[in-house]
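# Fold and geometry: a report
Listed below, chain by chain, are the residues.
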Amino acid sequence: MAFWDNLFRGSAAQFDSGSAATNSIELTKRRPTVSLTKQGAATGNLRVNLSWRMRTSDIEGRSRQGGRLLRHPFKLFQPDVVQAHTQGVVNVDLDLGCLYELTDGSKGVVQPLGSFFGSLNEPPYVRLSGDDRFGAPSGETIFVNLDHRDEIRRLLFFVYIYDQTPAFDRTHAHCTLYPSNGPRVEIELDERAPQARSCAVFSVENVKGELVVRREVKFVYGFQAELDRLYGWGLQWGRGYKSRV
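Residues numbered from 1 in each chain as written. Predicted model: local features only at pLDDT ≥ 70, side-chain atom pairs only at ≥ 80, totals over all residues. Heavy atoms only, no water.

### A look at the sheet that holds strand 12 (residues 198-207)
Condition: One bridge is not enough; two strands pair if DSSP finds at least two bridges between them. What counts as a helix is a DSSP run of H or I of at least four residues, what counts as a strand is a run of E of at least two, and both are numbered from the N terminus. Axes here refer to lines fitted to C-alpha atoms; in helices the fit is confined to the stretch in contact. Angles between the N-to-C directions go from 0 to 180 degrees.
The strand order across the open sheet formed by six strands is 2-13-12-9-4-5, and the pairing between neighbours is antiparallel. Unpaired on one side and paired on the other, strand 2 (33-35) and strand 5 (107-110) mark the two borders of the sheet. Each adjacent strand pair in this sheet contributes to an overall mean axis angle of 20 degrees, direction not counted. In this sheet, strand 12 lies alongside strand 9 (residues 152-161) in antiparallel orientation, the contact comprising seven bridges. Paired with Tyr160 across the bridge in strand 12 is Ser198.

### Thoughts on the side chain of Thr176
Note the threshold: Using a 1.4 Å probe on the protein chains alone, a residue whose accessible area is under 20% of its type maximum counts as buried, one over 50% counts as exposed, and one in between counts as partly exposed. Whenever a nitrogen or oxygen atom comes within 3.5 Å of another N or O atom, the pair is scored as a polar contact, on the condition that within protein one atom can donate a hydrogen and the other can accept it, and that pairs from neighbouring residues in sequence are kept only if both atoms are in side chains. Only heavy atoms enter the contact rule, under which two residues are in contact if any of them lie within 4.5 Å.
Its place among the elements puts Thr176 in strand 10 (residues 171-178). With relative accessibility at 2%, the residue Thr176 sits in the buried group. A polar contact is formed between the side chain of Thr176 and the side chain of Glu186, at a distance of 2.8 Å. Excluding anything up to four places from it in sequence, Thr176 contacts Arg47, Val48, Asn49, Arg184, Val185 and Glu186.

### Considerations on the pattern of salt bridges
Inclusion rule: Salt bridge, as used here: a side-chain nitrogen of Lys or Arg that lies within 4 Å of a carboxyl oxygen of Asp or Glu.
Enumeration over the complete set of coordinates arrives at four salt bridges. The shortest N-O distance in the salt bridge between Arg153 and Glu101 comes to 3.1 Å. One end of the pair, Arg153, is in strand 9; the other, Glu101, is in strand 4 (residues 94-102), and 52 residues separate them in sequence. What makes Glu101 buried here is its relative accessible area of 8%. For the salt bridge of Arg154 with Glu101, the shortest nitrogen-to-oxygen distance reads 2.6 Å. Linking Arg154 in strand 9 with Glu101 in strand 4, this pair joins segments that are 53 residues apart in sequence. What makes Arg154 buried here is its relative accessible area of 18%. The structure contains a network of salt bridges with shared partners spanning Glu101, Arg153 and Arg154.

### A short note on the side chain of Gln224
Structurally, Gln224 can be placed in helix 3 (residues 224-231). On the basis of relative accessible area, Gln224 is assigned to the buried category, the value being 7%.

### Section: the environment of Arg192
Inspection of the secondary structure assignment puts Arg192 in the loop between strand 11 (184-188) and strand 12. Spatially, the C-alpha atoms of Arg192 and Phe168 are 7.3 Å apart, while their sequence positions differ by 24 residues.

Structural data, given as structure tokens:
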């Protein structure tokens, strides 16, 4: 019995930082910040990836999981089967964007909507690789050229649902930061906000020459304009549309 006791006791432990095995750092409410500078990761290209998958009813998952683990303890080590986009699951088009402010005072946004893809080797030194509308495994990716970190004052990375039913609570979404050096940084959008359409995920701020990443995970019920007001960017916003696939 001691083996099983230790097994289930260990499975309940919660960690918010990485190890040599995972080579990752998870930002949580308890540990919301990490310094890229102190990690030796403030140069080169920072890759920011958004990925998500749809989930079925949480009630169904909870009702079945407990009994299954009691009957088959080794199921604990097997990942859940994911049902992707089917007629029984709401399709959600999550977009990754970035509000930027440079040290010269210029401000703007990089996002799929409006085809504001940015630039990597000239201002704003932020570039969106493309628009994933279907939740592909590769997700959406934004690159930041940290060799120009002295010209960047602050960045705010956000996710929004484009023109469809609010369904953040129907997705498993997370952002992963891949610095040019050091461990990756993981941020889960793990808070429930069924009616929210946008979420400020994390910020990157130049604090006296030190690049600090801060977990935000703040859901709002509007779009970019509401995030702008929340963080004081001061941009002018208008309704935008995507071209048909």
